[in-house]
Amino acid sequence: MSISSTGSSPSSRRNSFKNDSFIDEKDVIDSITNTELGCLSIVVLGASGDLAKKKTFPALFNLFRQGFLQSNEVHIFGYARTKLSDDDLRERIRGYLIKGAPAEKPEILSDFLKLIKYVSGGYDSAEGFLSLNKEISEHELAKNSYGSSRRLFYLALPPSVYPSVCKMIKSYCMNQAVPTGWTRIVVEKPFGKDLASAEELSAQLGELFDEPQLYRIDHYLGKELVQNLLVLRFANRLFLPLWNRDNIDNIQIVFREDFGTEGRGGYFDEYGQVFLHLTVISYTGTIDWFIQILVGHHSSGRDCTFSCCVSKQVLELCPKSTNFGTFSYRIIRDIFQNHLLQVLCLVAMEKPVSLRPEHIRDEKVKVLQSVLPINYDEVVLGQYEGYTDDPTVSKDSNTPTFATIILRIHNERWEGVPFIMKAGKALNSRKAEIRVQFKDVPGDIFKCKKQGRNEFVIRLQPKEAMYMKLTVKKPGLDMSTIQSELDLSYGQRYQDVQIPEAYERLILDTIRGDQQHFVRRDELRAAWEIFTPLLHDIEDGKVKPVPYKTGSRGPPEADELAAKAGYVQTHGYIWIPPTL
């Protein structure tokens, strides 16, 4: 019996059934490359502030000197309320760029600074954004690429002004080029202060822009060792059979700082007086915008020229829509809900179907949705002694400067494995790392259990490294054991490679349209659902921090909690980074 022909070959018919899950990675790369064609305008809003001059502009300069930004295609616009000339802005940022400029090629810095133009205007001012659009359009016309132009807006601003600024961009500064042109918006964390505020902010931005246009940046996702997690887990056969509850006893994700708030306790503490350090006061607007300016300067760590104190009573004059949540409980809202939770997703997620951004982010969301509600018996909050001596902090502050929180993932791979999350200030060391501790060896014939367990440690910062703690025979005639390590220290192994800053990588991803390392809206919602109940109970005084000494490991109760969860601390072993 014959089968009638459809006029197409079997292979072509098979290809027609291919869905997006099986698109060739080369096609993805080609599609990304196509979006890199044409004139590029990068707009840094909040250009006069600390974040812009210390992070954003240096990242753009490093991309320029490495050839990722071409002078014949790109132009950079700074926008802020402060009255500045083009040269004023260039001089403000020059000192932060010099350290990245090759001494033998000083013209590179000069060429980069020539690309920068400054526009002054209010963040709720139609006039200011019309002027900005005029400057961008003139640049696009001069490059003869008005039909394929690209516009990237980087909001180095407090979240409280995102809705107003985005409305201005949508109304006056959108790229009109089709089909190859685009407009993309980069927003900095924190994305709200709890689930409700995050959802409100997402809804406001979602009314203006589609999800592919929004890039919620968390710089931790741009760190070299964090980006290595996917490769490490899914490109090495060694880890495939080990990475599960059968072999792993517990996983720690740690962020430690060896300094306190140092006069910036108001950023941590919502109550009482909040001292705000300002570089410039130039104000003619409403009380809402005045407070937003203060919040913006303070929360971004602006340089101090003088101080002003705003009492809680003054803050209460502001509209309810003004967001001051960024001042309180930064350890949980900033470190846990953002940085540590993103790392947890990459450690715990299943292998994605492909490297397409949406496939990776789908797996991250599944992890977050599998996290069980936090058990308060597995929470230790701490506050270092002397924190309330800070004049910017209320004497009865309930704000934690340290937290250990155990998260548990209810799925087949991780059931029963505690994820011990730790973060704190004024501790005895500064580091961020992932510590995967394996179970004890059954039938310990060498009697070496007391020396410690096998551990795989990924040092995120400082001195990036990966090392595996192993028990080996101690050199000599006796059959005795000692703990040592297999070590990959980046500073030694990759001496001729400069590890890029996180902001460089993420800005380049934005230009290329790669959202893999940015937070999606449903991912943000799932993250806030985990921590919002705890945050509200802290605010209500239902959960209180215990004191701990400055320069210590944190509250003893935190070590006791980790031990109860199954973590076995290794005594007598210290990892020493190898020297060149």
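Just so you know, the residues in each chain are numbered from 1, in the order the chain's sequence is written. Note on the predicted model: pLDDT of at least 70 is required for a residue's local features to be given, and 80 or more for side-chain atom pairs to be given and counted; whole-chain, interface and lining totals, by contrast, use all residues. Side-chain metrics in this entry use all non-hydrogen atoms of the structure; hydrogen atoms and water are not considered.

A. Inspection of unusual backbone geometry at higher detail. Looking along the chain, the bond that leaves Gln461 and enters Pro462 is cis, with omega of -20 degrees. A run of H or I in DSSP counts as a helix once it spans at least four residues, and a run of E counts as a strand once it spans at least two, with each numbered from the N terminus. Structurally, the position occupied by Pro462 is in the loop between strand 14 (455-461) and strand 15 (465-473). Backbone geometry at Ala426 places phi at a positive 60 degrees, although glycine is not the residue there. The topology assignment puts Ala426 in the loop between strand 12 (418-424) and strand 13 (431-438). Burial classes follow relative accessibility: with a 1.4 Å probe on protein chains only, a residue under 20% of its type's maximum area counts as buried, one over 50% as exposed, and anything between as partly exposed. Classification of Ala426 as buried rests on a relative accessible area of 2%.

B. Representation of the environment of Gly541. For Gly541, the location among the structural elements is in the loop between helix 17 (521-539) and strand 17 (546-548). Given the relative accessible area of 25%, Gly541 is considered partly exposed. In sequence terms Gly541 and Asn398 are 143 residues apart; their C-alpha atoms lie 7.1 Å from each other.

C. Highlighting the pattern of salt bridges. A pairing counts as a salt bridge when a side-chain nitrogen of Lys or Arg comes within 4 Å of a carboxyl oxygen of Asp or Glu. Counted according to the given criterion, the structure contains 33 salt bridges. The partner of Arg94 in a salt bridge is Glu91, with the nearest N and O atoms 3.2 Å apart. In this pair, Arg94 and Glu91 are both assigned in helix 4 (residues 86-98), three residues apart and thus about one turn of the helix distant. Judged by relative accessible area, Arg94 falls into the partly exposed class, the value being 29%. Residue Glu199 is joined to Arg525 by a salt bridge in which the shortest nitrogen-to-oxygen separation is 3.3 Å. With Glu199 in helix 8 (residues 195-206) and Arg525 in helix 17, this pair connects stretches of sequence that are 326 residues apart. The exposure class assigned to Arg525 is partly exposed, which follows from its relative accessible area of 30%. Shared partners join several salt bridges into a network, and the residues in it are Lys431, Glu433, Arg435, Glu455, Arg459 and Lys469.

D. Spotlight on the environment of Asp559. Position of Asp559 among the secondary structure elements: in helix 18 (residues 556-565). Counting along the chain gives 179 residues from Asp559 to Val380, while the straight-line C-alpha distance between them is 9.5 Å. We call two residues contacting when some pair of their heavy atoms lies within 4.5 Å. Sequence-distant contacts of Asp559, that is, excluding residues within four places in its chain, are made with Lys422 and Arg553. Within polar-contact distance, the side chain of Asp559 engages the side chain of Arg553 at 2.9 Å. We call two N or O atoms a polar contact when they sit within 3.5 Å, provided that within protein one can donate a hydrogen and the other can accept it, with sequence-adjacent residues counted only if both atoms are side-chain atoms.

E. Spotlight on the pairing of strand 4 (residues 150-155). Taken across its six residues, strand 4 has six buried, putting it largely inside the fold. Residues of strand 4 alternate between two faces, with Arg150, Leu152 and Tyr154 on one and Arg151, Phe153 and Leu155 on the opposite face, all of them buried. Pairs of strands are assigned from DSSP output, requiring at least two bridges between the strands. Strand direction decides the pairing type here: strand 1 (residues 40-45) and strand 4, joined by six bridges, are parallel. Paired with Val44 across the bridge in strand 4 is Tyr154.

F. Molecular detail of the sheet that holds strand 17. Taken in spatial order, the nine strands of this open sheet run 16-15-14-13-7-12-11-10-17, and their pairing is mixed. Because the sheet does not close on itself, it has two edges, and the strands there are strand 16 (481-489) and strand 17. Pairs of neighbouring strands in the sheet enclose a mean axial angle of 20 degrees, with direction left out of account. As paired strands, strand 7 (residues 248-256) and strand 13 are joined by eight bridges and run antiparallel to one another. Residue pairing for strand 13: Arg256 is matched across the bridge by Lys431. A fitted line through C-alpha atoms serves as each axis, taken over the contacting stretch for helices, and the angle formed by two N-to-C directions is quoted from 0 to 180°.

G. The packing of aromatic side chains, seen in detail. By convention, a stacked pair of Phe, Tyr or Trp rings (six-membered ring in the case of Trp) has centres within 6.5 Å and planes under 30 degrees apart, an edge-to-face pair has planes over 60 apart, and any other such pair is tilted. By the definition in use, this model includes 14 aromatic pairs. Plain terms: the ring middles of Phe336 and Phe531 are 6.1 Å apart, the flat faces sit at 65 degrees to each other, and that makes the pair edge-to-face. Taken together, the residues Phe336 in helix 13 (residues 330-348) and Phe531 in helix 17 connect sequence positions 195 residues apart. We note that Phe336, like Phe531, is buried.

H. Main features of the sheet that holds strand 1. Taken in spatial order, the six strands of this open sheet run 3-2-1-4-5-6, and their pairing is parallel. Across the chains shown, the open sheet's two edge strands, defined by having one partner strand only, are strand 3 (116-120) and strand 6 (214-217). Taken pair by pair, the neighbouring strands of this sheet meet at an average axis angle of 20 degrees, ignoring direction. By the bridge criterion, six bridges tie strand 4 to strand 5 (residues 182-188) in an arrangement that is parallel. When the sheet's bridge partners are listed, Leu155 is paired in strand 5 with Val187. Contacts from helix 7 (residues 162-172) reach strand 1, strand 4 and strand 5 within the one sheet, and its direction differs from that of strand 4 by about 165 degrees.

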